[in-house]
Structure formats: C-alpha cells, structure tokens
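# Structural features, examined
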Amino acid sequence: MATVLENVGTKTIDHLDYVGSLNIQLWATLRAMGSALPFVGNRYRWQATVRQMLQIGVDALPMVSLMATCSGFILALQGASELRRFGALHYVIDLVAVGFTRELGPLLTAIAVSGRSGSAFAAEIGTMRVTEELDSLRVMALEPVEFLLAPKYLAALISVPCLSIVSNVCGILAGGLFMFFSTHLSPLLYLRDVLTSIQLQDVITGLIKSVAFATIIAHVGCLEGFRVRGGPDAVGRSTTSAVVKSTFLVILADAVFTAIFYFTVKR
Amino acid sequence: MPIISIRDLVVEYEDRRILNGLNLDIEHGETMVLLGGSGSGKSTLLRQILGLERPKSGSVMVKGTDIAHCSAAELKAVRRSIGVAFQSASLFNSMSVEDNVALTLREHTKLAPSIIDLVVWMNLAVVGLADFGKLHPQELSGGMKKRAAVARALALDPEILVLDEPSAGLDPIVAAELDELILLLKEAFQMTVIVVTHELPSAFRIADRIAMLYQGTFSSVGTVDQIKASQNPRVRQFLDRVPGDMAKAPAVAAYFEKYLQGPEVQQ
C-alpha cells in the first residue's frame with residue numbers, strides 16, 4: 001500500500017514539476033520574444049524566425065493540405081450517409097464548414113505540426129545538449145531560451161494559425177467537391193452556403209485554439225530537448241515523448257477551449 | 001589581485017562529493033594546467049569556473065565577481081571575457097566554421113559585417129584554418145575541430161582562455177601543434193589560460209603552474225619543476241604511471257568475493 005502511495009506521490013510531483021517547468025519556460029520565452037521581432041529585435045534572431053517559419057509552415061503545406069482535403073471528404077461522406085436518410089443532405093455544408101473552422105482545421109494542423117516540428121525541436125535541442133552546444137551558447141553569454149526558443153515560438157505563433165486557415169480552406173473545398181459530385185451543387189452556390197453558415201466568431205475561436213496549440217507544440221518540443229540526459233538514445237526518447245505529450249496536451253486544450261466557447265460564445 | 005579566486009569550493013551530485021573544499025588563485029597572464037586522472041573532478045571544476053553549475057558551498061570569483069551568486073547580467077558580462085573550447089569542440093553543426101567564429105561578434109558587437117569577416121579570417125588564420133572557413137564542422141578532422149573551437153573562443157579577444165582536454169584523442173604531432181598554438185596565444189595576447197588535461201607532456205610544455213586534482217582535492221599545486229620534484233604519493237603515482245588497486249589481482253579477486261557473497265548470487 002505504501003509503495004502504491006509512494007508511486008502516486010512521485011508521479012504527481014513529476015507531473016507538477018513538468019507543468020511548472022513549462023510555465024517557467026513560457027514566461028522566460030515571452031520575456032525574450034522582443035529580440036526575435038522584426039525591426040525592433042535582433043536581426044539574426046528574426047532571420048532565424050523566418051527560417052523556422054519556412055520549416056514549420058511552408059514545408060508542412062503539402063502534408064496539411066492533403067490531410068485536410070482527405071478529412072473534409074471523409075467528413076462529408078460520413079455526414080451525408082446519415083443526413084441523406086432524413087432528406088437533410090444540404091446540412092453537410094454546415095457540418096463541413098463549421099466543423100472545420102471551429103475544430104478540425106486547427107486540430108489536424110496541430111497534430112501534423114506536432115509530428116513534424118515538435119519532434120524536430122526536441123531532436124535539435126536534445127542533440128545540442130548531448131554535444132555540449134547548449135553549454136557553448138551559455139559560456140558565449142547567449143541564452144538558449146532567447147537564441148533557440150524565441151525564434152521557434154514566434155515562428156510557430158505565426159505559422160500554425162496560417163496553416164490552420166489553409167487547412168480550413170482545403171477541408172471545405174473537399175466538402176464542395178463531394179457536394180458537386182453527389183448533388184451537382186455548383187461551386188458558387190456551395191461557396192455562398194458556406195459563407196452563410198460560418199460566422200466570424202467561428203473563425204476567431206479556431207484561430208485562438210491554433211495559437212494555443214502552437215504554444216503547446218513549441219514549448220513541449222523544446223522542453224523535451226532541454227531535459228535530455230545521457231546520449232543519443234535519450235534524444236530518440238525525447239523526440240517520441242515530445243510528439244506524444246504535445247498531441248495529448250493539444251487534445252486536452254482543445255476540449256477545454258471547446259467547453260469554454262460552448263458556454264461563452266453565443267451563435 | 002588574482003583574476004580567478006576559488007575559495008572552499010564544495011560540489012556535490014546527489015550526496016556524492018565531487019569537489020571537497022578547493023582553494024586556488026590564478027593570476028593574470030598565467031597558464032594554469034588542471035591535471036588529474038579520470039573522475040578526479042577536473043571538468044566539474046571547469047564548469048564551476050564557467051558558472052555552468054552552482055556549488056554546494058564556497059565561491060568562485062572571476063574578475064572580482066562571485067559567479068555562483070551574481071545576477072544573470074553580471075554573469076553574462078563575466079562570460080564575455082572568457083573564451084572556452086570544450087573537449088568535444090562543441091561547434092554548432094548547423095553553421096559553417098566561419099559562422100561559428102563570427103557568432104559572438106555578431107551577437108555582442110556592433111562591428112560592420114566586413115570587419116567581422118576580417119576578424120573571423122584572422123582568428124582562423126591564427127589556428128591555421130584560414131582556408132577551411134566555408135566548411136561545416138562535420139567535414140573537419142578531430143584536430144581541426146579543436147583548432148576551430150579555439151578560434152571561436154578567441155573571437156571576442158577574451159582575457160581568459162579555457163581549454164578542456166585540448167589534446168585528448170589527437171595524434172602526438174597535432175597535439176604538439178596545439179601546445180605551440182597555446183604558447184603563441186599566451187605570448188601574443190597576454191591571456192590567462194586554463195587548460196584541463198591529463199596529458200603529461202602537454203601539461204609540462206605549456207604550464208606556468210600545475211594544480212593536481214585527486215578525488216576532489218588538490219594533492220599538489222606548483223610550478224612544473226615543483227610538480228616534477230614532488231614526493232606526494234598521488235603525484236608520483238600519476239607521473240610515474242603506477243597502476244591503481246583496481247588493476248591488481250588481489251583487488252579483482254576481492255571484487256569477485258564481494259560479488260559472490262552479495263544478495264544477487266545468494267538468491
């Protein structure tokens with residue numbers, strides 16, 4: 001019994017330690033963010049931010065677009081199979097449009113970015129830790145949080161919402177494709193119905209979620225890298241852990257945000 | 001006043017005492033070699049001098065600043081006057097050699113790019129790598145990496161140069177070249193040089209004074225001649241390459257005896 005309690009206590013302390021570390025890292029990064037901004041910040045840091053935006057955003061475009069297109073098509077197919085029985089096939093448009101802007105667009109994007117970039121952050125920083133490059137930075141009077149994390153976080157904050165919008169567009173277009181082939185609904189009419197069903201607050205809540213997801217992915221990925229102890233095998237473990245933890249936390253945050261918006265945002 | 005002053009320094013890792021009340025003064029322009037076997041605490045002492053870890057008690061004063069208890073800004077200021085080349089070189093693999101050397105100049109000075117290029121070229125020329133600036137660290141040999149790390153350490157014209165195991169893993173010719181380079185740097189730039197090593201020929205060639213570490217304490221501190229003439233049993237064992245107990249047959253037999261009577265075998 002004592003062992004069980006000890007294990008529960010140890011795990012609880014570990015999780016609290018992790019959450020605490022995430023918070024400390026977040027505040028430290030927010031304080032260092034000024035250096036990564038264009039015009040007012042450090043020129044080299046902004047260049048690093050642009051490079052990161054290309055890696056997080058532009059390089060992920062094909063993958064996110066394809067995932068969103070397939071998901072939009074699947075959602076339309078699955079929705080239509082049920083709604084057709086009630087003669088409500090038209091509601092597929094609402095389902096796809098609202099479902100993507102509020103939920104699926106940001107979530108699918110976050111899962112893709114978590115797998116691609118969250119793991120890359122952990123691997124990069126973890127390798128730097130193993131090879132003493134982080135110590136090198138410190139003794140050169142360069143703070144790893146400012147030098148490494150701030151550009152990554154700023155790039156994620158810009159890229160992930162942009163990718164979410166692309167994901168929304170691809171998912172909704174895939175729904176339009178389905179409607180065109182199943183009901184011969186013209187693309188213009190489909191677009192008009194989509195614009196009628198979506199409200200500005202749907203887009204805004206989706207973007208708020210994607211900003212939160214970007215924060216989770218960037219910070220979990222980097223923290224896993226900073227916490228690497230040991231050799232190359234530890235880098236591998238941190239990479240896996242970054243993806244698993246950030247995906248879990250993204251879904252948890254999604255549930256919390258959805259509940260908050262459900263009770264606070266009136267349609 | 002010494003440039004580095006260590007007083008009653010105690011370092012522990014999880015109740016294991018690594019450094020046990022060290023006292024040492026390093027004067028301006030002096031080459032101090034920290035000598036000792038594996039696990040004697042040399043690298044730990046170096047990390048304390050660089051402010052990478054905090055001691056359990058005692059102080060490390062660098063240029064009059066207690067780096068274990070100073071503010072982050074003071075620590076940064078001290079670190080700007082220290083150039084460090086780690087044992088593994090710790091060059092940034094994502095950057096070319098010249099970008100590695102230019103990094104601190106870009107970050108900490110407002111020099112024009114053309115001046116930075118000139119300083120980088122000069123530093124690379126000093127270490128004999130003027131023609132290799134465009135290469136990445138992974139394209140260099142072990143000796144070239146170490147020299148590139150020295151060039152990077154020299155970039156900000158530091159008052160203190162710290163070299164961790166500069167000749168470890170190098171062939172005798174390259175190791176001798178590095179020794180000559182250290183002597184040249186000291187003479188040309190009047191730097192205080194701290195070298196961590198367990199290579200005796202190298203230590204005797206470059207040192208003004210040698211501090212011999214054994215199990216977390218200084219067993220002897222003195223000039224090269226004083227160390228060579230020392231009758232301290234630990235110093236003599238190290239200089240005369242006398243094997244420790246671990247390699248002797250009775251000790252090996254004792255280990256086996258202890259293991260056979262241990263709980264794992266008894267079960």
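Up top you'll find the structure we're talking about.
Residues numbered from 1 in each chain as written. Chains lettered and ligands numbered in written order. Predicted model: local features only at pLDDT ≥ 70, side-chain atom pairs only at ≥ 80, totals over all residues. Heavy atoms only, no water.

On a plain count of helices and strands, chain A comes out with nine helices and zero strands. N-terminal to C-terminal, the α/β element order of chain A is α-α-α-α-α-α-α-α-α. Oriented by its inertia axes, the alpha-carbon framework of chain A measures out at about 65 × 60 × 35 Å. Within chain A, counting contacts between residues at least 6 apart in sequence, those at least 24 apart form 84% of the total. If you sum the accessible surface of chain A, you get close to 13,200 Å²; carbon and sulfur atoms cover 72% of it. (Helix = DSSP H or I, 4+ residues; strand = E, 2+ residues; numbered from the N terminus. Contact = heavy atoms within 4.5 Å. Areas by Shrake-Rupley, 256 points an atom, 1.4 Å probe, with all protein chains shown as cover.)

On to the overall build of chain B. Helices and strands together make up the secondary structure of chain B, namely 11 helices and 10 strands. Within chain B, buried positions represent 49% of all 267 residues. Considering only intrachain contacts with a sequence separation of at least 6, the fraction spanning at least 24 residues in chain B is 63%. Computed over 27 positive and 32 negative side-chain charges, the inter-centroid distance for chain B is 2 Å. (Buried < 20%, exposed > 50% of the residue type's maximum accessible area, 1.4 Å probe, protein only. Lys, Arg positive; Asp, Glu negative; His and termini not counted. Charge placed at Lys NZ, Arg CZ, Asp CG, Glu CD.)

What follows concerns the packing of aromatic side chains. Tallied over the entire structure, the rule returns four aromatic pairs over all chains. Geometrically, the ring pair formed by phenylalanine 180 of chain A and phenylalanine 181 of chain A is edge-to-face, given 5.4 Å between the ring centres and 75° between the ring planes. A relative accessible area of 59% places phenylalanine 181 of chain A in the exposed class. Across from the ring centre of phenylalanine 92 of chain B, 4.9 Å away, lies the NZ or CZ of arginine 152 of chain B, which sits over that ring. Here lysine 228 of chain B stacks its cationic end above the ring of phenylalanine 204 of chain B, 4.8 Å away from the centre of that ring. (Phe/Tyr/Trp six-rings, centres within 6.5 Å; stacked < 30°, edge-to-face > 60°. Lys NZ or Arg CZ within 6 Å of the ring centre and 35° of its normal.)

For the rest of this paragraph, the subject is the side chain of histidine 108 of chain B. The topology assignment puts histidine 108 of chain B in helix H3 (residues 97–108). Exposure remark for histidine 108 of chain B: the relative accessible area of 17% places this residue in the buried category. In terms of polar contacts, histidine 108 of chain B uses its side chain to reach the backbone carbonyl oxygen of methionine 140 of chain A, at 2.7 Å. If sequence neighbours within four positions are ignored, histidine 108 of chain B has contacts with Met140, Ala141 and Leu142 of chain A together with Arg80 and Leu156 of chain B. (Polar contact = N/O pair within 3.5 Å; in protein donor to acceptor, adjacent residues only side chain to side chain.)

As a further point, take unusual backbone geometry. Residues and elements named next belong to chain A. The phi torsion at phenylalanine 39 lies on the positive side, around 70°, for a residue other than glycine. Take phenylalanine 39: it is sitting in the loop between helix H1 (2–32) and helix H2 (43–58). Owing to a relative accessible area of 88%, phenylalanine 39 belongs among the exposed residues under this scheme. Of note in this structure, glutamate 132 is not a glycine but carries a positive phi near 65°. Assignment of secondary structure puts glutamate 132 in the loop between helix H4 (91–130) and helix H5 (133–139). Take glutamate 132: its relative accessible area is 22%, and that puts it in the partly exposed class.

For the rest of this paragraph, the subject is the nonpolar core. In terms of nonpolar packing, the biggest core is built from 46 residues, with Leu134, Leu137, Phe147, Leu148 and Val250 of chain A together with Phe92 and Leu103 of chain B touching the most fellow members. Of all the elements in the fold, those that place two or more residues in this core are H1, H2, H4, H5, helix H6 (144–183), helix H8 (200–226) and helix H9 (232–264) of chain A. For this core, the element with the most residues is H6 of chain A, which contributes 11 residues. Look past the residues within four positions of phenylalanine 92 of chain B in its chain and what remains in contact with it is Met128, Glu133, Ser136, Leu137 and Met140 of chain A together with Asn100, Leu103, Pro137 and Arg152 of chain B. Residues Val33, Leu129, Leu161 and Phe238 of chain B belong to the second largest nonpolar core, which totals 45 residues. (Core = buried A, V, L, I, M, F, W, Y, C linked by side-chain atoms within 4.5 Å.)

Let's shift gears to the interface of chain B and chain A. Each partner contributes residues to the interface: chain B has 22 residues there, and chain A has 18 residues. Regarding the contact of chain B and chain A, the summed buried area is about 1,700 Å², with carbon and sulfur atoms giving 59% of it. When residues of chain B are sorted by the area they lose upon contact with chain A, Arg79, Phe92 and Glu107 of chain B head the list and together hold 31% of the total. For the pair chain B and chain A, the interface holds two salt bridges. Glutamate 107 of chain B is the partner of arginine 45 of chain A in a salt bridge, and the nearest nitrogen-oxygen pair spans 2.8 Å. (Buried area = accessible area lost by both parts, 1.4 Å probe. Salt bridge = Lys/Arg side-chain N within 4 Å of Asp/Glu carboxyl O.)

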